[in-house]
Amino acid sequence: MSTKIKEMSQSLSIPASVIKAYRQLQNTVRVEKLGNGLINTTWKIQCGEEAYILQKINHHVFRDPYIIENNLKQIAAFIHSHDADYQLPLPLKTLCGEELVFDTAHGYFRLFPFWEGSVTHTVLKTVQQAFEAARLFGKFAKKLNGLDPKLLGASIPDFHNLSLRYHQFMNAVDQADRNRKERASLLIHFLQEHAGIVEAYESYVHAGTMQLRVMHHDTKISNVLFDDEDHGLAVIDLDTVMPGYFISDLGDMIRTYTCAVNEEEAALDKITIRKDFFEAIIKGYLSEMKDVLSDAEKKLLVFSGEFMIYMQCLRFATDYLENDRYYGSSYPGHNLNRALNQMKLLQELIQQKPAFENSIAGILDNIGT
């Protein structure tokens with residue numbers, strides 16, 4: 001290994017094996033850490049006039065990164081066979097023709113081109129952003145419609161398996177410390193009282209009401225590239241693309257876009273659902289997916305929000321009862337507050353469900369079914 005690469009590695013805090021693997025990184029001059037993601041670690045790397053995105057894959061979450069690699073190949077081959085111009089953020093190959101670099105001390109890395117002129121948002125601020133993000137995730141799902149889900153692996157097995165999440169929650173209730181169980185008694189009662197959401201999910205799966213498709217599974221706003229006028233350019237972070245149901249993608253947009261505050265907010269009176277943002281999501285998503293979703297699936301648009309909010313509430317509650325093993329906590333009761341936040345959000349959605357159903361009926365009439 002050259003002295004130059006060793007010195008670059010030390011000064012930039014990037015493993016020397018990664019720098020050595022890519023031709024593009026030989027003239028690295030500046031590194032900037034990006035985002036606040038809790039799973040992968042991402043950097044923007046300036047190399048002369050060119051910029052790149054370097055990402056370290058969290059192999060504790062993604063146990064087999066080669067599943068992701070195979071999934072990306074299947075996705076790219078299918079989409080580009082139908083639309084050669086569709087923009088996908090695909091990893092660059094190493095000098096040895098590989099798409100992943102494995103460093104024994106640090107794990108798996110891959111390099112992407114940086115999309116010049118693009119911006120990302122960590123907080124959704126406008127109705128236009130909500131519409132554009134939903135439209136792009138709908139377009140992505142539409143482009144993959146017809147790809148056999150069996151060709152893809154589960155990069156995170158049972159990621160959105162609501163039945164499993166409820167089972168884990170009930171086990172946590174049985175085994176929890178008495179004090180934690182008492183502090184969470186209202187939350188536990190609420191989740192058990194609304195277990196009908198699990199039953200509905202299971203009935204839709206078993207009856208084939210929802211079609212198994214290739215879905216993104218992580219539709220937060222930071223996974224959308226915008227231009228400087230807030231027009232959507234592309235969706236990114238395809239590690240969680242795998243077989244699933246449309247309610248995962250649409251539901252998480254409803255969960256994360258419609259409220260003015262995020263899941264960290266402990267003041268429950270601030271948690272409301274903005275009707276105009278809800279309608280923007282539905283309009284954006286259906287502008288691409290109206291002819292893909294079945295009539296039966298179109299009746300589950302609000303349910304998708306119930307599904308995802310309830311599941312995240314279960315996950316936070318389970319973690320609290322299990323002494324904060326998964327998400328961790330910054331203060332006592334952190335995961336309990338996160339779960340109560342999602343409980344309030346679900347209450348708001350259920351309360352407004354009739355109005356939202358009416359809005360959806362009008363949107364479908366306007367765009368045609």
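Small disclaimer: the values here were computed from a predicted structure and weren't measured.

A tally of regular secondary structure across the protein chain gives 13 helices and nine strands. A compact globule built from 369 residues would reach a C-alpha radius of gyration of about 21 Å, and the protein chain, at 21 Å, matches this within 12%. With the principal axes as the frame, the protein chain shows a C-alpha extent of 65 × 55 × 40 Å. The burial tally for the protein chain puts 52% of its 369 residues in the buried class.

We now examine the packing of helix α10 (residues 275-289) against helix α13 (residues 334-367). The geometry of α10 relative to α13 is characterised by a closest axis approach of 10 Å and an angle of 35° between their N-to-C directions. Our pair here, α10 against α13, has a crossing hand that is right-handed. Two secondary-structure elements touch here, α10 through K275, F278, E279, I282, K283 and L286 and α13 through F356, S359, I360, I363, L364 and I367. In terms of residue class, the contact of α10 with α13 is built from eight nonpolar, one polar and three charged.

A few words on the environment of L111. Turning to its location among the elements, L111 is positioned in strand β5 (residues 107-113). Here L111 falls in the buried class, since its relative accessible area comes to 0%. For the pair formed by L111 and V18, sequence separation is 93 residues and the distance between their alpha carbons is 9.3 Å. Every residue in contact with L111, bar those within four places of it in the chain, is listed here: Y22, Q24, L25, Y52, I53, L54, P91 and L92.

This part covers the layout of surface pockets. Using a probe with the size of a water molecule, rolled over the atoms, empty space left in the structure can be pinpointed. Space inside the second largest pocket adds up to approximately 470 Å³. The wall of the second largest pocket is formed by 16 residues, among which I156, R165, Q168, R315 and Y326 lie closest to the centre. By residue class, the composition of the lining of the second largest pocket is six nonpolar, three polar and seven charged.

Our next topic: the confidence of the model for the protein chain. Summarising the model, the protein chain shows a mean pLDDT of 92, and 94% of its residues fall at 70 or more. Residue range residues 7-11 is modelled with pLDDT below 50. Its contacts to residues more than four positions away, or to other chains, number nine contacts.

Another aspect to go through is empty space enclosed by the protein. Scanning the entire structure with this criterion turns up one cavity of 30 Å³ or more. Empty space within the largest cavity amounts to approximately 40 Å³. For the largest cavity, the full set of lining residues is P65, I68, E69, L72, P91, E99, L100 and R110. It is helix α3 (residues 65-82) that contributes the most residues to the lining of the largest cavity, four residues altogether. Of the residues belonging to the lining of the largest cavity, the class tally is five nonpolar, no polar and three charged.

Moving on, we get to the side chain of R135. Here R135 shows up in helix α4 (residues 127-144). Only 2.9 Å separates the side chain of R135 from the side chain of E132, close enough to count as a polar contact. Excluding residues that lie within four positions of it along the chain, R135 makes contacts with G232, G284, Y285, S287 and E288.

All chains considered together, the criterion is met by 10 aromatic pairs. With 4.7 Å between their ring centres and 45° between their planes, F102 and Y108 make a pair best called tilted. Its relative accessible area of 44% is what places F102 among the partly exposed residues. Note on Y108: relative accessible area 16%, which makes it buried. Here the aromatic rings of Y201 and F307 are separated by 5.3 Å at their centres, their planes lie at 25°, and the arrangement is stacked. A residue pair is termed long-range when its members are at least 10 positions apart, and Y201 in helix α8 (residues 196-207) and F307 in helix α12 (residues 301-321) qualify at 106 residues. Here Y201 and F307 have matching classes, each one buried. Positioned above the aromatic ring of F114 is the side chain of K44, whose terminal nitrogen or guanidinium carbon lies 4.2 Å from the ring centre.

Turning our attention to unusual backbone geometry. In this structure, H217 is a non-glycine residue whose phi angle is positive, near 75°. Its place among the elements puts H217 in the loop between β6 (213-215) and β7 (224-226). With relative accessibility at 4%, the residue H217 sits in the buried group. Non-glycine residue D237 carries a positive phi angle of around 55°. As for its position among the elements, D237 is in the loop between β8 (232-235) and β9 (242-244).

Looking at where Q46 falls in the secondary structure, it is placed in strand β2 (residues 41-47). Taking the C-alpha atoms as reference points, Q46 and N27, separated by 19 residues in sequence, lie 8.6 Å from one another. Residue contacts for Q46: discarding those within four places in its chain leaves N27, T28, V29, R30 and A51. Only 3.1 Å separates the side chain of Q46 from the backbone oxygen of G48, close enough to count as a polar contact. Among the polar contacts made by the side chain of Q46, one reaches the main-chain carbonyl oxygen of E50 at a distance of 3.3 Å.

Reading guide: rules and limits
Residues numbered from 1 in each chain as written. Predicted model: local features only at pLDDT ≥ 70, side-chain atom pairs only at ≥ 80, totals over all residues. Heavy atoms only, no water. Helix = DSSP H or I, 4+ residues; strand = E, 2+ residues; numbered from the N terminus. Rg over C-alpha atoms; globule rule 2.2 N^0.38 Å. Buried < 20%, exposed > 50% of the residue type's maximum accessible area, 1.4 Å probe, protein only. Axes fitted to C-alpha atoms, helices over the stretch in contact; angles between N-to-C directions. Left-handed = near helix turned anticlockwise from the far one by under 90°. Contact = heavy atoms within 4.5 Å. Nonpolar A, V, L, I, M, F, W, Y, C, P; charged D, E, K, R; others polar. 1 Å grid on protein atoms, 1.4 Å probe; cavity = no way out; pocket = protein on both sides within 12 Å on 5 of 7 lines; lining within 4 Å. Points joined across faces, edges and corners; volume = space filled by probe spheres on them. pLDDT = per-residue confidence, 0-100. Polar contact = N/O pair within 3.5 Å; in protein donor to acceptor, adjacent residues only side chain to side chain. Phe/Tyr/Trp six-rings, centres within 6.5 Å; stacked < 30°, edge-to-face > 60°. Lys NZ or Arg CZ within 6 Å of the ring centre and 35° of its normal.

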